[in-house]
2 protein chains.
Amino acid sequence: MAMKLDEDEGITMSQPKMTDVAKLAGVSPTTVSRVINRRGYLSAKTINKVEAAMHQLNYRPNTVARQLQSQKTMTIGVLVPTVANPFFGELTFQLEHYLFNAGFKVLVGNAENDIGKERRYLQQLLARQVDGLVIATHNHQQQIPEYQNANLPIVSIDRYLRATIPNVSSDNYAGGRLATEELIRRGAVHIIHTDSVERFNKRDYLRQQAYQDVMREHGLTPVTYKIDFNSRPDRLQAFFNRIFDEHPEVDAFFTSNDMDAIQLLQVARQRGIAVPDQLQVIGYDGVPTTTQIVPELSTIVQPLDEMAKTAVDLLQREIRGDQVAGSHKLPVKLRVSGSLR
Amino acid sequence: MAMKLDEDEGITMSQPKMTDVAKLAGVSPTTVSRVINRRGYLSAKTINKVEAAMHQLNYRPNTVARQLQSQKTMTIGVLVPTVANPFFGELTFQLEHYLFNAGFKVLVGNAENDIGKERRYLQQLLARQVDGLVIATHNHQQQIPEYQNANLPIVSIDRYLRATIPNVSSDNYAGGRLATEELIRRGAVHIIHTDSVERFNKRDYLRQQAYQDVMREHGLTPVTYKIDFNSRPDRLQAFFNRIFDEHPEVDAFFTSNDMDAIQLLQVARQRGIAVPDQLQVIGYDGVPTTTQIVPELSTIVQPLDEMAKTAVDLLQREIRGDQVAGSHKLPVKLRVSGSLR
DNA sequence: GTGAAAGCGCTAACAG
DNA sequence: CTGTTAGCGCTTTCAC
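About the criteria used
Residues numbered from 1 in each chain as written. Chains lettered and ligands numbered in written order. Predicted model: local features only at pLDDT ≥ 70, side-chain atom pairs only at ≥ 80, totals over all residues. Heavy atoms only, no water. Pairing = 2+ DSSP bridges. Helix = DSSP H or I, 4+ residues; strand = E, 2+ residues; numbered from the N terminus. Axes fitted to C-alpha atoms, helices over the stretch in contact; angles between N-to-C directions. Core = buried A, V, L, I, M, F, W, Y, C linked by side-chain atoms within 4.5 Å. Buried < 20%, exposed > 50% of the residue type's maximum accessible area, 1.4 Å probe, protein only. Contact = heavy atoms within 4.5 Å. Least-squares fit on C-alpha atoms with pLDDT ≥ 70 in both. Domains from an automatic or database assignment. UniProt positions renumbered as here; feature names shortened; annotations may be inferred. 1 Å grid on protein atoms, 1.4 Å probe; cavity = no way out; pocket = protein on both sides within 12 Å on 5 of 7 lines; lining within 4 Å. Points joined across faces, edges and corners; volume = space filled by probe spheres on them. Nonpolar A, V, L, I, M, F, W, Y, C, P; charged D, E, K, R; others polar. Buried area = accessible area lost by both parts, 1.4 Å probe. Salt bridge = Lys/Arg side-chain N within 4 Å of Asp/Glu carboxyl O. Polar contact = N/O pair within 3.5 Å; in protein donor to acceptor, adjacent residues only side chain to side chain. Near = heavy atom within 4 Å. Phe/Tyr/Trp six-rings, centres within 6.5 Å; stacked < 30°, edge-to-face > 60°. Lys NZ or Arg CZ within 6 Å of the ring centre and 35° of its normal.

Here we take up the sheet that holds strand β5 (residues 167–170) of chain B. With mixed pairing, the 12 strands of this open sheet are ordered in space as β11(A)-β5(A)-β4(A)-β3(A)-β1(A)-β2(A)-β2(B)-β1(B)-β3(B)-β4(B)-β5(B)-β11(B). The open sheet is flanked by β11 (327–330) of chain A together with β11 (327–330) of chain B, the only strands paired with a single partner. When strand polarity is set aside, the average angle formed by the axes of neighbouring strands in this sheet is 25°. Taken together, the four bridges between strand β5 (residues 167–170) of chain A and β11(A) define a ladder with parallel strand orientation. Among the inter-strand pairings, Val168(A) is bridged to a residue of β11(A), identified as His328(A).

Below, the structure written as structure tokens:
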């Protein structure tokens, strides 16, 4: 029956608040607040009384009220194209992991490559609902004015937003060089690079730039195809089939992400092209989940773990008031597997 | 220079509030509030003045203050094992999609199969920081007392939490039957079922139950192996190798999820077992991303889209005060592909 | 050691 | 059509 106490007293009562606890414990709300926050001098007796009362009422301090008072939400907004994509799923996971350890919660939004949705998220989140923002979407920043006059700590992932917004990415230039040089070293000559169309700034073209530089240094002709990141599988397959038709001499691909590389491997199999003997492939990303599913794919591994850690670190510094603009590049490494000979 | 107005006035000013707008527009805060919320009668002139002032100050109403006043956060907490897993990534995506359309934001937490972390999330979120919760984690609910006295709308996904908490799942029994019957129909006799160890309630055993029922109906001997959902790839491979060693006669598998099925296919390839000629495989989940990556896998497709929609619908009804307990099962379908002969 | 009063930014109730 | 007042639940001065 003692166990029923809460219900007896509380079944009709809405959520208890501080004054309820204070009344039950026979102290003032201020004292209850002090006990919760362990602030100031308190007698052991008072602490016990208050804690007993809180327990009895199953009291939880109202987070929103504390947020209003403290002017902090301890929440970070994370905007990605979609967490359904393994890359952004892993990124979101890593961000949440580090943010949680730093005391923050995560509000996620899938922009779904919809500029309108991204803007609506920004409008809501910029209204002091979060203490900061991590932006990993792909939409054209110039169509999203909110980024220009945003007055909140922001970190972008692998994307240029504004001079004063720090950006975290893998070392795209090094990755592009690494992939291209490796393919050449292994005998490839007709190497095609596929890249995303969603790049709107020179700083976002570094993989392609590296590929072209390396090709030219070796006296080879660079060929780059642009892929729409949103392409459904069937359109992707048609896309790769077209490349094979237009370039029957191709003996290697460097794709801008692993999902594309995987589609490419399927098309190659359908066309009876042997990998790696006739065709070598290197992707980009190296997300653990994808690697687990398709271990034979060679790829440039982005250190998503370190990238998330860096992003969280930068964000915390921004929140503290530091200036931390600039491009933060993390080292990549090559994962050699069955798609290389 | 007119473009610089904001900065001239606002560079040193912190975030403007309603009184700032009111002062600039020469009205009371209440009127500003009315304009924002389009409530009551307002003269066109006043609306214009206020909107001009809001625009000039780049004013955004403080969300937290509104939340405190309205006693609503329009935010839903979503707890999953990890969004890095394609199944939960897709689930989270779908949930966010429907929640956004219903006006809600999403706070995600990765429980990481850590009971402590799941509890800390619950303690925080139950403190009125969200208007409801979607629980898709795998931890043992009996080790998480918060679920028993949680005083907030909750929906669970494919998992029993408490009698009064509605649960959404695919029709696991039908799915188990469908898979097993299909394998038998296609000539399999020694069919092994692998299932997750993270099932703590009879209601969570329906796939296994269906498998066993069908096997017995056909005079076959059911063999179920339990897998730890968290197993790293190498441990999973060792696990499947052990099964092959212990049951060299096996000619089909029905696995409890596609990731396991994919590892199984890799082990079969390593051992030189031909799929589907020597071994047929049916997985469970049928997430679009996974299907795109491994199209040859046959599987029972869960309608994640419909499940998310249903969960959001139930949650909204709970928030309105309706009683909506019970188990909500959605129909599955078989996807036939290369791993079936 | 503890309490009373003011205020975080907004909106609902009540006037006028 | 618009303003004044009070209050959402908490914390932070400032007293005592």
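Formed by 60 residues in total, the largest nonpolar core has its most connected members in Leu95(A), Ile157(A), Val168(A), Leu95(B), Ile157(B) and Val168(B). If sequence neighbours within four positions are ignored, Val168(B) has contacts with Val155(B), Ser156(B), Ile157(B), Asp158(B), Met307(B), Thr310(B), Ala311(B), Leu314(B), His328(B) and Leu330(B). Val294(A), Phe239(B), Ile273(B) and Ile293(B) belong to the second-largest nonpolar core, a separate cluster that totals 46 residues.

For the rest of this paragraph, the subject is the relation of the copies chain A and chain B. One copy of the chain maps onto the second through a rotation about an axis and a displacement along it. Superposing chain A onto chain B takes a rotation of 180° plus a shift of 0.0 Å along the axis, which leaves an RMSD of 0.1 Å. Such a turn and shift between the copies fits a two-fold axis. Relative to the rotation axis, the C-alpha of Leu107(A) is the closest in chain A, positioned 2.2 Å from it. A symmetric contact is evident, with 98% of the interface residues of chain A recurring at the interface of chain B.

Many authors give the size of an interface as the accessible area that is lost as the parts come together. Taken as a whole, chain A is organised into domain 1 (3–61), domain 2 (73–169 + 305–330) and domain 3 (172–303). Placing the centre of domain 1 of chain A and that of domain 2 of chain A at their C-alpha centroids yields a distance of 38 Å.

Our focus in this paragraph is the UniProt feature "domain: HTH lacI-type" (unreviewed entry) in chain A. When the UniProt feature table is mapped onto this chain, "domain: HTH lacI-type" (unreviewed entry) is found at residues 16–70 of chain A. Here residues 16–70 of chain A is 71% helix and 0% strand, with 21 Å between the C-alpha atoms at its ends.

Bringing empty space enclosed by the protein into the picture now. Tallying each qualifying case throughout the model produces six cavities of 30 Å³ or more. Computed from the structure, the second largest cavity encloses a volume of approximately 80 Å³. Looking at the lining of the second largest cavity residue by residue, the class counts come to two nonpolar, seven polar and no charged.

Tallying the contact residues gives 54 residues for chain A and 53 residues for chain B. Each partner contributes to the roughly 5100 Å² buried at the junction of chain A and chain B, and carbon and sulfur atoms together form 57% of this total. The tally of links between chain A and chain B comes to two salt bridges. Residue Lys117(B) is joined to Glu96(A) by a salt bridge in which the shortest nitrogen-to-oxygen separation is 2.9 Å. There are 22 residue pairs in polar contact (both at pLDDT 80 or more) connecting chain A and chain B. Taken together, the elements giving at least two residues each to the side of chain A that touches chain B come down to α5 (63–70), α6 (86–101), β2 (105–110), α7 (115–125), α10 (233–246), α11 (258–270) and α12 (288–293) of chain A. Counting residues per element, the side of chain A that touches chain B draws most heavily on α6(A), which supplies eight residues. In this structure, β2(A) lies alongside strand β2 (residues 105–110) of chain B, joined through three bridges in antiparallel fashion.

All names here are of chain A. A full pass over the atoms with the stated rule returns 28 salt bridges over all chains. Note that glutamate 112 is salt-bridged to lysine 117, the shortest N-O span being 2.7 Å. Note that glutamate 182 is salt-bridged to arginine 185, the shortest N-O span being 3.0 Å. Here the residue glutamate 182 and the residue arginine 185 both occupy positions in helix α8 (residues 172–185), the gap between them amounting to three residues, near one helical turn. Given a relative accessible area of 9%, glutamate 182 falls into the buried group. Under the relative-accessibility criterion, arginine 185 is labelled exposed at 62%.

DNA strand D sits among 24 residues. The nearest are Lys17(A), Met18(A), Tyr59(A), Arg34(B) and Thr46(B). The sugar-phosphate backbone supplies 65% of the atoms of DNA strand D found within 4 Å of the protein. Measuring from a phosphate oxygen of DNA strand D, one finds a side-chain N or O atom of Ser33(A) at 2.9 Å. One of the backbone nitrogen or oxygen atoms of Ser28(B) is found 3.0 Å away from a phosphate oxygen of DNA strand D.

Before going further, it helps to spend a moment on the protein's contact with DNA strand C. What surrounds DNA strand C is a group of 25 residues, the closest being Thr31(A), Arg34(A), Thr46(A), Lys17(B) and Tyr59(B). Sugar and phosphate atoms constitute 64% of the interface atoms of DNA strand C, taking the interface as everything within 4 Å of the protein. Measuring from a phosphate oxygen of DNA strand C, one finds a backbone N or O atom of Ser28(A) at 3.0 Å. Breaking the surface near DNA strand C down by element, the ones donating at least two residues are α3 (29–37) and α5 of chain A together with α3 (29–37) and α5 (63–70) of chain B.

Right, let's get into the packing of aromatic side chains. Counting across every chain of the model gives 14 aromatic pairs over all chains. When the centroid spacing of 6.0 Å and the interplanar angle of 85° are considered together, the rings of Tyr225(A) and Phe239(A) count as edge-to-face. Of the two residues, Tyr225(A) is situated in strand β7 (residues 223–227) and Phe239(A) in helix α10; the sequence distance between them amounts to 14 residues. Residue Tyr225(A) shares its accessibility class with Phe239(A), and that shared class is buried. Aromatic pair Phe254(A) and Tyr284(A): ring centres 6.3 Å apart, planes at 45°, arrangement tilted. Remark: Tyr284(A) occurs in strand β9 (residues 280–285) and Phe254(A) occurs in strand β8 (residues 252–255); sequence separation between them is 30 residues. Its relative accessible area of 0% is what places Phe254(A) among the buried residues. Counting every residue linked through ring pairs, the aromatic cluster contains Tyr225(A), Phe239(A), Phe240(A), Phe244(A) and Phe253(A). Sitting above the plane of the Phe100(B) ring, Lys117(A) keeps its charged end 4.8 Å from the centroid.

Okay, unusual backbone geometry next. Residue and element names in this part refer to chain A. Cis geometry marks the peptide bond from valine 275 to proline 276, where omega comes out at 10°. Mapped onto the elements, proline 276 comes out in the loop between α11 and β9. Even without being a glycine, methionine 74 presents a positive backbone phi close to 50°. Mapped onto the elements, methionine 74 comes out in the loop between α5 and β1 (75–80). For methionine 74, a relative accessible area of 29% corresponds to the partly exposed category. The backbone of arginine 128 shows a phi angle near 60°, a positive value even though the residue is not glycine. The residue arginine 128 is located in the loop between α7 and β3 (132–135) in this model.

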